[in-house]
Structure formats: C-alpha cells, structure tokens
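Read off the chains here:
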There are 2 protein chains.
Amino acid sequence: MTSSPPRRRGRPGYDQAAILRTAVELFNRRGYDATSMGDLAKELGLSKAAIYHHVESKEQLLAAALNDALDELTAVVTEAVRPEAEGSAHERLRAVVRRSVEVLIAHQPSVTLLLRVRGNSEVELDALQRRRRLDEQLAELVSAAVQEGSLRADLPPALVGRLLFGLVNSLVEWYQPSGSDDPATVADALTTMAFDGLTTPR
Amino acid sequence: MTSSPPRRRGRPGYDQAAILRTAVELFNRRGYDATSMGDLAKELGLSKAAIYHHVESKEQLLAAALNDALDELTAVVTEAVRPEAEGSAHERLRAVVRRSVEVLIAHQPSVTLLLRVRGNSEVELDALQRRRRLDEQLAELVSAAVQEGSLRADLPPALVGRLLFGLVNSLVEWYQPSGSDDPATVADALTTMAFDGLTTPR
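Residues numbered from 1 in each chain as written. Chains lettered and ligands numbered in written order. Predicted model: local features only at pLDDT ≥ 70, side-chain atom pairs only at ≥ 80, totals over all residues. Heavy atoms only, no water.

What about the interface of chain A and chain B?
Which entries qualify depends on this criterion: It only takes one pair of heavy atoms within 4.5 Å for two residues to be counted as in contact. Put simply, buried area is the surface a 1.4 Å probe can reach on two separate parts but cannot reach once they are joined, added for both. In what follows, salt bridge is the name for a side-chain nitrogen of Lys or Arg lying within 4 Å of a carboxyl oxygen of Asp or Glu.
Each side of the interface is counted separately: chain A has 35 residues, and chain B has 35 residues. Taking both partners together, chain A and chain B bury about 3200 Å²; carbon and sulfur atoms supply 63% of that area. It is Arg152(A), Leu163(A) and Leu198(A) that lose the most area in chain A upon contact with chain B, and together they represent 23% of the buried surface on that side. Joining chain A to chain B, the criterion identifies four salt bridges. Notably, a salt bridge pairs Asp181(A) with Arg162(B), separated by 3.2 Å at the nearest N-O pair.

In structure tokens, the structure reads:
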C-alpha cells in the first residue's frame, strides 16, 4: 500500500517487536516445531532475508517470547517473597495470584506459549527451570501463610500451590480480550473463589 | 517373545481397547493431526493391515476417545441437573466438581485429548458441541445455587462456571498418577478451595 521505493532494511513499519508478535501468534496456532521461518515470512508478507535482518533465528524469537512471560511473572513473585516485603504471607500470596492474572491477561500470547513448552531444546529447558523456580517460591509462600495461621492447614501446601497456579493458568484456554469480562472482574472473581470460596459467607 | 505361529487376526493380546489406549497416548504426545496410522502401527509393533482389522480409521479412534471422556462427564452433569435430583443446587454443584475431578483422573488421557480438540473435523465439532452443552448446564447449576442463596451473588455465574471447569481441567497439565497425591486428596483439596476458600475459617 506504499509507493515509497524499496528499502534495504526490510519493509517499513516492521520492527522486531511486530515480527515477534506475529511469530508468537503463529507458534500458538500451529505449534512451534511445525512453524518455519518461511511460514513466518509468508504470514508477514516479507522475504526470509528481511526477517533475518531483524532476528537471528526462530529460537531467538521463542526465547524472547518466553522471557517476556517469565520476566513479568518473576517480577510478581519476587516482589512478594523478598525479605523486606510488607504484609502478611496471606496478603502477599493473594497479591501474587491477583497480579499473575493481570500479567497473564496482558501477555496472554507469550504466557500461552510458555505453558505449552515441553523441554525440546536448551531454550525450552531454561524456561521450564524458571517456571519450576516460580512454583517453588509460590509453594514456600503457601507454607508461610499456613504457618502464620491464615491459610488452611488441612491441605498439602504443594498441592495448593499447583491448584492456584493451575487455576490462573487455565485462563489461557478460554479468556478472550473481546469478551464481556474485563481483567479486573476476572482477577476479583478468581481470587475471591480461591481464598474466600464460592459459598455465601455466613 | 512368543513362539506361537502367526495368526491372521493380528498379534495375540491386541484388541480394540489396547489399540485405542496406545493411539490416545500417541495423539497426546505428538498431536492428533501429526500422527498417522503408520506411526500407530509402528508404536504397536503391528502391521497397518492388522490395525485396520480392529479399527476403521484414525478418526474412529479419535471419536472413541472423545466419547469415552464425554460420556463420563455427561453422566456426572446429567445426574446433577435431572429434575428429580436430590439435594440443594449447592450440594449438586459441589458433587459435580468433585466427581469431575475423579473422572478426569480416571480418564486422564482421553480428557487431555478432549481438551486439545479445536474443531478441525466433524468429530471434533461434535465433541466441542457436547463440551459447550456441559458448560451451559454447569452455568445453570451455578445460577440455581446463587438463586437459592447458597452461592455468592457478587460474581458473574458464567465466569464462575468457567473458573470451576478451568480449575478442574487444569489437572491434566500436572497431575501424575505416580505422584504423591491420590485422587481423593486432590478432589478434596480442589472442592475445598473452590467452595470454602483457602483462608482459615474463623
């Protein structure tokens, strides 16, 4: 749609961020392994050479997407578990869950990709290790809340951690930004269900 | 490992159920679309002809697996919503959630396959339609529990239904039969979290 002369540095308007967005969407739709750089070029209407001007490899795109998701989730958890963090363990755990919902919704494509990673390469194994660290930190926060007496002691902490993250992660399967539930409503409903329960309070 | 003479009706010990089990495992590992009947034959150590003696097509295997999951889940939901069902809507909803966890764990491979279906064929579209019907019935049960005053009225019922099924379905991502949590413990923890909340009761 442009009549400007051809440029050596790729099509105008495409930068690394735009290529990454399309790549993540394509990886989620077709699967990372089944998507080639040729597929990505076709989807973007670019030559492969133009893409390689912006990005090194398919794996670099994967790493960038996984880091996008992991950096945000790590920031949420790190904030809650640092020694000088304010508030009870219960408050900090509830904040982690609420903010994780917000991160998931704001970064849904890259979190979706993260949750499908199975460890088929060095990049994927690194991502799985970072995810495991987050799971451990969450489980520690659950244990701290049980110890302070604010969280049920009758459920296994590791199981509670998995259920909580499982609940948050399940949003990628059905949440639609175009739907009727805005992020704050979803975050409220999810944290209320998890911490206060669905049963009417007496 | 057998010295018995070759048989015309496939290898001894293989029947349709055993072929289905292996097919579902393979579909989950590699993706349904990426798995051929040749792959399945190789995995089973059978000839393709031997497999076709037992099953009509790859799609028949998919349909059988999806129906295995859907028949069980439908039985759970139908039992709870039939007009003569006993108990409050709250009790019936809680029973649906608990029994869905048990079904998911007992039929984890076929439920996993069901949750990955995206509607690429008639069989998949039928399965999606049956899933949607279950979602609707669950949402109606949530509304009935809100109306009887036993379930929080401050959360949108459709959203609550999606969160509840999302929580149950998230088990396919991490539950391992060989792990330390038995099905009853998981079902207890999940229903307790969803209905009573994780916060220590006053």
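After presenting the structure, the write-up continues.
Some points on empty space enclosed by the protein
To find the voids left in a structure, one rolls a probe of water-molecule size over its atoms. To keep it simple, the criterion reads: Space inside and on the surface of the protein is sampled on a 1 Å grid over the protein atoms alone, with a cavity defined as a set of points where a 1.4 Å probe fits but cannot get out and a pocket as an open set with protein on both sides within 12 Å along at least 5 of 7 lines; lining residues have an atom within 4 Å of a point. Grid points are joined across faces, edges and corners, and a volume is the space filled by probe spheres set on the points. Under the grouping applied here, Gly and all other residues not named as nonpolar or charged are polar, the nonpolar ones being Ala, Val, Leu, Ile, Met, Phe, Trp, Tyr, Cys and Pro and the charged ones Asp, Glu, Lys and Arg. Numbering of helices and strands runs from the N terminus; a helix is a DSSP stretch of H or I covering at least four residues, while a strand is a stretch of E covering at least two.
Applying the stated criterion across every chain yields a total of four cavities of 30 Å³ or more. Here the largest cavity defines a volume of roughly 130 Å³. As for the largest cavity, its lining consists of Leu73(B), Ser100(B), Leu104(B), Val111(B), Leu114(B), Leu115(B), Arg131(B), Leu134(B), Asp135(B), Phe165(B), Val168(B) and Asn169(B). Taken together, the residues of the lining of the largest cavity break down into eight nonpolar, two polar and two charged. Within this model, the second largest cavity holds a volume of roughly 110 Å³. Residue assignment for the lining of the second largest cavity shows that the elements contributing at least two residues are helix 6 (108-116), helix 7 (122-147) and helix 8 (157-169) of chain A. Taken together, the residues that form the lining of the second largest cavity break down as seven nonpolar, two polar and two charged.

Here's the deal with the pattern of salt bridges
Selection criterion: We call a residue buried when its accessible area falls under 20% of the maximum for its residue type, exposed when it is over 50%, and partly exposed in between, using a 1.4 Å probe and counting protein chains only.
Across all of its chains, the model carries 26 salt bridges over all chains by this definition. Here Glu173(B) and Arg118(A) are joined by a salt bridge, their closest N and O atoms 3.4 Å apart. Remark: Arg118(A) occurs in the loop between helix 6 and helix 7 and Glu173(B) occurs in helix 9 (residues 171-174); the pair is interchain, linking two chains. By relative accessible area, Glu173(B) is classed as partly exposed at 47%. Accessibility expressed as a relative area gives 47% for Arg118(A), which makes it partly exposed. Where Arg130(B) meets Asp71(B), a salt bridge forms, and the shortest distance between an N and an O atom there is 2.9 Å. You can see Arg130(B) sitting in helix 7 (residues 122-147) and its partner Asp71(B) sitting in helix 4 (residues 58-81), a full 59 residues away along the chain. Assessed through its relative accessible area of 43%, Asp71(B) is described here as partly exposed. It is possible to trace a salt-bridge network through shared partners that takes in Glu25(A), Arg29(A) and Glu43(A).

Describing the relation of the copies chain A and chain B
Where we set the bar: Least squares is the method used to superpose the copies, on C-alpha atoms of residues holding a pLDDT of at least 70 in both.
For the pair chain A and chain B, the relating rotation is 180°, the translation along its axis is 0.0 Å, and the fit reaches an RMSD of 0.0 Å. Given the turn and translation reported, the copies of this chain are related as if by a two-fold rotation axis. Residue Gly197(A) of chain A places its C-alpha closer to the rotation axis than any other residue of that unit, at 1.8 Å. A high fraction, 100%, of the interface residues of chain A reappear at the interface in chain B, so the copies pair face to face through one surface.

Re the nonpolar core
What counts is decided by this rule: What makes a nonpolar core is a set of buried Ala, Val, Leu, Ile, Met, Phe, Trp, Tyr and Cys residues whose side-chain atoms join them at distances within 4.5 Å.
Core analysis: the biggest nonpolar cluster contains 133 residues, and Leu164(A) and Leu164(B) have the highest contact counts within it. The contact partners of Leu164(B), leaving out residues within four places of it in the chain, are Met193(A), Leu198(A), Leu93(B), Val97(B), Leu138(B), Val142(B), Ala194(B) and Phe195(B).

A look at the packing of helix 5 (residues 89-106) of chain B against helix 10 (residues 183-196) of chain B
All names here are of chain B. Put simply, the test is: Under this scheme, a helix contributes an axis fitted over its contacting stretch, all axes are lines through C-alpha atoms, and angles between N-to-C directions fall in the 0 to 180 degree range. The crossing is said to be left-handed when, going from far helix to near helix, the turn is anticlockwise and less than a right angle, and right-handed when the turn is clockwise.
Their axes nearest at 9 Å, the elements helix 5 and helix 10 cross at an angle of 145°. In this structure, the crossing between helix 5 and helix 10 has a hand that is right-handed. Where helix 5 abuts helix 10, its residues His-90, Leu-93, Arg-94, Val-97, Arg-98, Val-101 and Ile-105 lie against Pro-183, Ala-184, Val-186, Ala-187, Asp-188, Leu-190, Thr-191, Thr-192, Phe-195 and Asp-196. The residue makeup of the contact of helix 5 with helix 10, split by class, is 10 nonpolar, three polar and four charged.

Section: helix 2 (residues 37-44) of chain A
All names here are of chain A. Note the cut-off: The arc in question is the one traced by the directions running from the helix axis out to the C-beta atoms.
Within the sequence span of helix 2, burial applies to Met-37, Leu-40, Ala-41 and Leu-44. For helix 2, the buried positions fall inside an angular range of 100° around the axis, keeping them on one side. Taken together, the buried residues of helix 2 touch helix 1 (16-30), helix 3 (48-54) and helix 4 (58-81). Backbone geometry just downstream of helix 2 places Gly-45 in the positive-phi region, at approximately 70°.

Remarks on the environment of Arg92(A)
Considering the arrangement of structural elements, one finds Arg92(A) in helix 5 (residues 89-106). C-alpha separation for the pair Arg92(A) and Val76(A), spaced 16 residues apart in sequence, amounts to 10.0 Å.

A short note on helix 1 (residues 16-30) of chain B
Helical periodicity: at 3.6 residues per turn, an α-helix aligns residues three or four positions apart in one direction. Residue and element names in this part refer to chain B. Basically, it comes down to this: In this analysis, the expected span of each helix is defined as 1.5 Å times one less than the number of residues it contains.
Spanning 15 residues, helix 1 covers 21 Å between terminal C-alpha atoms, matching the ideal 21 Å at 1.5 Å per step. Listing the buried residues of helix 1 in full gives Ala-18, Ile-19, Thr-22, Ala-23, Val-24, Leu-26, Phe-27 and Asn-28. Those residues of helix 1 hidden inside the fold are in contact with helix 2 (37-44), helix 3 (48-54), helix 4 and helix 6 (108-116). Count one or two residues on from helix 1 and you reach Gly-31, which has phi positive near 95°.

Considering the domain arrangement of chain A
Residues and elements named next belong to chain A. Here is the rule we go by: What fixes the domain bounds is an automatic or database domain assignment. Pairing of N or O atoms within 3.5 Å defines a polar contact, subject to two protein rules: one partner must be a possible hydrogen donor and the other a possible acceptor, and residues neighboring in sequence count only if both atoms are side-chain atoms.
Domain boundaries assigned for chain A yield domain 1 (16-54) and domain 2 (58-196). Distance from the C-alpha centre of domain 1 to the C-alpha centre of domain 2: 28 Å. Opposite the 12 residues of domain 1 that make contact, domain 2 presents 14 residues. Roughly 1100 Å² is buried in total at the junction of domain 1 and domain 2, and carbon and sulfur atoms are behind 63% of that figure. Broken down residue by residue, the surface that domain 1 buries against domain 2 is led by Leu-20, Asn-28 and Tyr-32, which jointly contribute 49%. Linking domain 1 with domain 2 are seven residue pairs in polar contact (both at pLDDT 80 or more), by the criterion used here. Broken down by secondary-structure element, the contributors of at least two residues to the side of domain 1 that touches domain 2 are helix 1 and helix 2. Top contributing element to the side of domain 1 that touches domain 2 by residue count: helix 1, with seven residues. When the residues that make up the side of domain 1 that touches domain 2 are grouped by side-chain class, the tally is eight nonpolar, three polar and one charged.

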